[in-house]
Amino acid sequence: MKLLYKFFLASFLSVFCTYSFGQVSFGERLEVSGEFSSQPVWVDVSEDYFFAYQINKGDAEKQLNLKISIATKSFGDEKVVDIPLKWSHVLKRKKVFGDKVYFLCENTQRHLNEKYLLILDLKTKETKEIDLKNTVESPISDFEILDDRILLLYYVQNRPIAQVKEMATGKVYTVEDVFQPGMLVQEVFGDEMTGVFNLMIKFRTKDRSKSFLMSSINKEGVMLRNHLFENESKNRENIDMIISNEGPLKFIAGTVGMTNKVGYNGFYGGYLADGSDPFNNIVEINDLDGFFAFEKDGGEKSRKSWEKSRNPSLKEALAAREIIKNDHGYLLYSDHFLPVGNSHLTKDGVYDHHYYHFNPIKDLNYGRRGTAAPVYEAGSGVWIPTPVTDPDIYFSFKSSHFLQFDNNGDVLWDYAVPLPKKSTFVPLSYGQIFSGNKDHFIYEFEGKLFYSLISEGDFQEINQEVKILNPQKGDKVLSLRNSDLEVKALNNGSFLLTGRQQIRYVNEDGQAVDENNFFFQELQVDDF
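Everything numeric in this text was worked out from a predicted model, so none of it was measured.

Enquirer: I would appreciate a short explanation of the nonpolar core in the present structure.
Expert: Within soluble globular proteins, side chains that are nonpolar tend to cluster in buried spots. Grouped together as the largest cluster of nonpolar side chains are 39 residues, with contacts concentrated most on F267 and L332. Ranked by residue count, the leading element in this core is strand 23 (residues 317-326), at six residues.

Enquirer: Can you walk me through empty space enclosed by the protein in this structure?
Expert: Gaps between atoms show up when a probe of the same size as a water molecule is rolled over them. Using the criterion set out here, one finds two cavities of 30 Å³ or more in the structure. Roughly 40 Å³ of volume is contained in the second largest cavity. Along its surface, the second largest cavity is lined by H328, Q404, W413, N437, K438, D439, I454, S455 and E456. Class assignment for the residues of the lining of the second largest cavity results in two nonpolar, four polar and three charged.

Enquirer: Sorry, what's going on with the sheet that holds strand 11 (residues 140-146) here?
Expert: Backbone hydrogen bonds hold the strands of a sheet together, and the pairing may be parallel or antiparallel. One open sheet accounts for four strands, arranged 11-12-13-14; its pairing is antiparallel. Each having just a single partner strand, strand 11 and strand 14 (172-174) make up the two edges of the open sheet. Across this sheet, the average inter-strand angle for adjacent strands is 25°, counted without regard to direction. Two strands pair when backbone bridges link them, and strand 11 and strand 12 (residues 149-156) are joined in this way by six bridges, in the antiparallel orientation.

Enquirer: Is there a simple way to think about the side chain of D527 in this case?
Expert: Mapping D527 onto the fold places it in the segment after strand 35 (512-525). One buried charged residue, D527, forms no salt bridge at all, with the nearest opposite charge on K438 at 7.0 Å. A distance of 3.0 Å separates a polar atom in the side chain of D527 from the backbone nitrogen of K438. Side-chain polar atoms of D527 contact the side chain of H440, separated by 2.7 Å.

Enquirer: I keep staring at the sheet that holds strand 19 (residues 236-244) and nothing clicks. Help me out?
Expert: With antiparallel pairing, the four strands of this open sheet are ordered in space as 19-20-21-22. A strand with exactly one partner marks an edge of an open sheet, and here the two such strands are strand 19 and strand 22 (282-284). Taken pair by pair, the neighbouring strands of this sheet meet at an average axis angle of 25°, ignoring direction. Note: strand 20 (residues 250-258) against strand 21 (residues 263-272), nine bridges, orientation antiparallel. Looking at strand 21, one finds that G257 is bridged to Y264.

Thresholds applied
- Residues numbered from 1 in each chain as written.
- Predicted model: local features only at pLDDT ≥ 70, side-chain atom pairs only at ≥ 80, totals over all residues.
- Heavy atoms only, no water.
- Core = buried A, V, L, I, M, F, W, Y, C linked by side-chain atoms within 4.5 Å.
- Buried < 20%, exposed > 50% of the residue type's maximum accessible area, 1.4 Å probe, protein only.
- Helix = DSSP H or I, 4+ residues; strand = E, 2+ residues; numbered from the N terminus.
- 1 Å grid on protein atoms, 1.4 Å probe; cavity = no way out; pocket = protein on both sides within 12 Å on 5 of 7 lines; lining within 4 Å.
- Points joined across faces, edges and corners; volume = space filled by probe spheres on them.
- Nonpolar A, V, L, I, M, F, W, Y, C, P; charged D, E, K, R; others polar.
- Pairing = 2+ DSSP bridges.
- Axes fitted to C-alpha atoms, helices over the stretch in contact; angles between N-to-C directions.
- Lys, Arg positive; Asp, Glu negative; His and termini not counted.
- Salt bridge = Lys/Arg side-chain N within 4 Å of Asp/Glu carboxyl O.
- Polar contact = N/O pair within 3.5 Å; in protein donor to acceptor, adjacent residues only side chain to side chain.

Quick look at the structure:
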């Protein structure tokens, strides 16, 4: 039986903080009771909705069911939808475009080359299937949607292959084979303004230096242009690159490091345009006031050590994670952490941008970029990347770092939020940020929430614990256990806290009642 509970707390519960600036308050709440099993649950957001989904075994042998709980960001129009997958098919990838969710499904019997896109409209709750026949007989590694076209990406003999398929007619265009073995597609996105697909590709040249290639493909599969990015400095290379897909000009940013020593030592940022070279716009870590400022001595020891070193660089990993367009320009969000074990892979094998494409809380293999050939996990009904490292590798996070560029690509300020240094075998992707008039950063650690408020690089609150609100149940709550907590930024001035909740309480009849719920809790922040 499907049970949906919606609660609105008439009087918000404010979180008491040490400082008088800013606050977090609990808004609306939605509970899904008796729907999700013990299998992992994935949470995501679209333009107007948030949703949680899970894969479970269906009634027939080798059939899986997709269960999705959907609600608007205003916590209305809530509904649970059950969608049976085709026989022997599993989910491989998922993407959100507007208020539609696209699930890539593949047959576990690969020799059949059966795959399709399952499209769910979050507004109407209607589904549609697009058969991916007459495409390359190889697993699809990624895809992108642009209007009525689908860009499909594969790896054949370690070489990227791209095809464009018309949804209405089924016609397939194969992109001219220009990619080389060893190239890896880091990111793909459709540009609605220009009507082209853009592929961000990374590879290593013969001298082992790392380079990036931006390839643009039109809707008929014709390669329009290739833009090569290389760092001209002899001892420096671009370690990772991410791109903002907002506005007519694309802003790119990332990290740089030294080739003669595995280590990160700076950032870069700028526009992807003719006559512009973002890689020449480099700011070294030691020139940033906020990078080491969270340390006990304000970073004095780290800065002195940096200045004395012949080849100054971090001992830890620094992974650029996201670019956020805000009122000041572009905010680059990176995580600073220490991976223990197989340290030679720190810079390029495991911890680069792909590390964040998965939710590592759900499975220990997630978050570690694997080979091009994923493995089917029968328990959850999804494909997972093959680990390339010892599964006993663990992580110790130091901080989440934020670098604010203005609209000209110049640095305005930076700051770092300290994170728990407790080692974990799960490569956590810690925080979520909402950047409005001020920056609001929330992360979860060991069942607790921590909130920081930053105004133009200055902390007004830092790592203040947010007490999770107990649900209002019956006369008395006897026991309560939260698990699988996760935070998402809704980009409307609030955050979404989700998780499982096991609760035992006394009902109005004086009887003890046990409930297992999956909940969605709105967290509101004061941006003024």
